[in-house]
Amino acid sequence: MGEKRKIEFDDPTPVKFLRVDSADESATGQEFLEADAARDRKFAELYTQPPDFKELAKRDPDFAKLWNQRKPDFFNDPACVMQLTKTLLRLDFDLKIELPDDRLCPPVTNRHNYLLWLKSLLDSTSHEPTRQKVVGLDIGTGASCIYPLLGCAQRPWSFIATDIDEKSLTYAEKNVTLNNLQDRIKVVPRKPTDSLIPLEDLNIDSIDFTMNNPPFYKSEEEMTQSAAQKNRPPSSACTGAKVEMVTDGGEVGFIGRILQESLILRERVQWYTAMFGFLASVVEFVDKLRAHGIDNYAVTEFIQGSQTRRWAVGWSFGSMRPSLDVARGIKTAVSKNILPEITEAPVIRFPVPRRVAEFAGNFSAAIGKLELMSWDWDQSRLEGKGQAADKVWTRAWRRQKKRVMDVEQPSGESPEALEKKCMFAFKVVVHVGQDEVMVSCRWIEGHDSVAFESFRGFLKTAAQQSLEVKK
């Protein structure tokens, strides 16, 4: 077997609204960034309100025919649910799909929510504003291949899409071809006994993320009991086959297999993610993460309408920390024990001083006096980013440094000459309001939550002292 590589697909052919018109060929890099941001905002706002079915009927004759005929029991008719999926994909994403009658018809809004969270997870753990060359793995892509299709429609990403079901694989291939995405989505057949993350089999060194919507149930009996316990009819007809709904150990067992493989692959995948159908499964799985010493993880929930609720967990062996809204995306009352460490927090609030710029300059200078690997302050934006090789703001570190300096280095090198590795990266922002100023801190990189807590203490003291200078 040859040397492993970071997977590269052929030059992608984006869907229509990702193409750059000839009139835009002279656009600058900044203009492209602004266009990317505008497109992301558009997708983020898509389903903040439920789809307007009357409006869909006006825009799509195929949908209108079924909506007008079956309005009272529309969501109990598999044909109607399938048409809704096709209509939303065509109108909102310029995508086409074909589906068999005996495989899952994915709800677009729920699947879209997963992609939105995944984009934020990757963006907030990258040094680039919006990463372009991203490769993801969809485990159990299904007949629709919906996650890769949605991902490619929203960003210039590439995907590996796997499945063990022959019929689902046939339709997934067909849907990739229907949308001219063969150069960006590779459908890969797998066997039940194969590894779920096939980096070795595909001779790939690393990818950016995995995602999957696993079978929820341990058995057909459990699936039947779950349906019987619901005190209301399902919100939409289910056409899923047994292979899509049931697996040994249920969703915790399936995602537990991914966890076991991740313990071996580790940073060859930046983020491992999975969707859950039961909150109890999330609690059980987070316990597994902690048992293996995995401290960098994220938990969120997807709520669509009044009936559908799903959850997702992502975990990483890397040191880049996700933003707070991504890492702690559960709004409902849950045990705080399942939530990861905070990554953003206010440091201090105080009335607006007479000279805000002078305060900010003093505050930045106080941070700059630390022996940091880097400190970049933007005076116009009143924010800065820094990196530290150790807890250089603490007395313990200063005492340790003095002891080291008192001992002659055997190699004749000073401690500063030794190679340093970032153990803590941060962002500090001075927010100026009408009546008060707030200083906040964002934990960007590192595994030591105590370092984040103690650094906030240093910032508070530094801010107070900066206010007192030439008062």
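See the structure printed just above.
Residues numbered from 1 in each chain as written. Predicted model: local features only at pLDDT ≥ 70, side-chain atom pairs only at ≥ 80, totals over all residues. Heavy atoms only, no water.

Colleague: Can you walk me through the sheet that holds strand 11 (residues 374-378) in this structure?
Modeller: Hydrogen bonds between backbone atoms are what pair the strands of a sheet, whose relative direction is either parallel or antiparallel. The strand order across the open sheet formed by five strands is 10-14-13-12-11, and the pairing between neighbours is antiparallel. Strands at the two margins of the open sheet, each flanked by one partner only, are strand 10 (344-351) and strand 11. Neighbouring strand axes in the sheet, compared pairwise and without regard to direction, differ in orientation by 15° on average. Pairing analysis gives six bridges linking strand 12 (residues 383-388) to strand 13 (residues 424-432), with the strands arranged antiparallel. Opposite Q387, over in strand 13, you have A425 as the bridge partner. Strand contacts of helix 13 (residues 356-368): strand 10, strand 11, strand 13 and strand 14 (436-445), with the helix running at about 170° to strand 13, the strand carrying the most contacts. Seen against the sheet, helix 15 (residues 449-468) touches strand 10, strand 13 and strand 14 and runs at an angle of roughly 15° to strand 10. (Pairing = 2+ DSSP bridges. Helix = DSSP H or I, 4+ residues; strand = E, 2+ residues; numbered from the N terminus. Axes fitted to C-alpha atoms, helices over the stretch in contact; angles between N-to-C directions. Contact = heavy atoms within 4.5 Å.)

Colleague: Even after reading the chapter, I still don't get the environment of L104, so can you show me in this structure?
Modeller: Tracing the sequence through the fold places L104 in the loop between helix 4 (78-93) and helix 5 (108-123). For L104, a relative accessible area of 25% puts it in the partly exposed group. A sequence separation of 22 residues divides L104 from M82, and the C-alpha atoms of the two residues are 9.3 Å apart. (Buried < 20%, exposed > 50% of the residue type's maximum accessible area, 1.4 Å probe, protein only.)

Colleague: What am I meant to see in the pattern of salt bridges here?
Modeller: Where charged atoms from two side chains of opposite charge approach closely, those side chains can pair. Going through the model one piece at a time under the given rule, you end up with 18 salt bridges. With a shortest N-O distance of 3.7 Å, D60 and R90 are connected by a salt bridge. Of the two residues, D60 sits in the loop between helix 2 (53-59) and helix 3 (61-70) while R90 sits in helix 4, which places them 30 residues apart along the sequence. A salt bridge links R381 to E383; its shortest N-O distance comes to 3.3 Å. Look at E383 and you get buried, because its relative accessible area is 17%. (Salt bridge = Lys/Arg side-chain N within 4 Å of Asp/Glu carboxyl O.)

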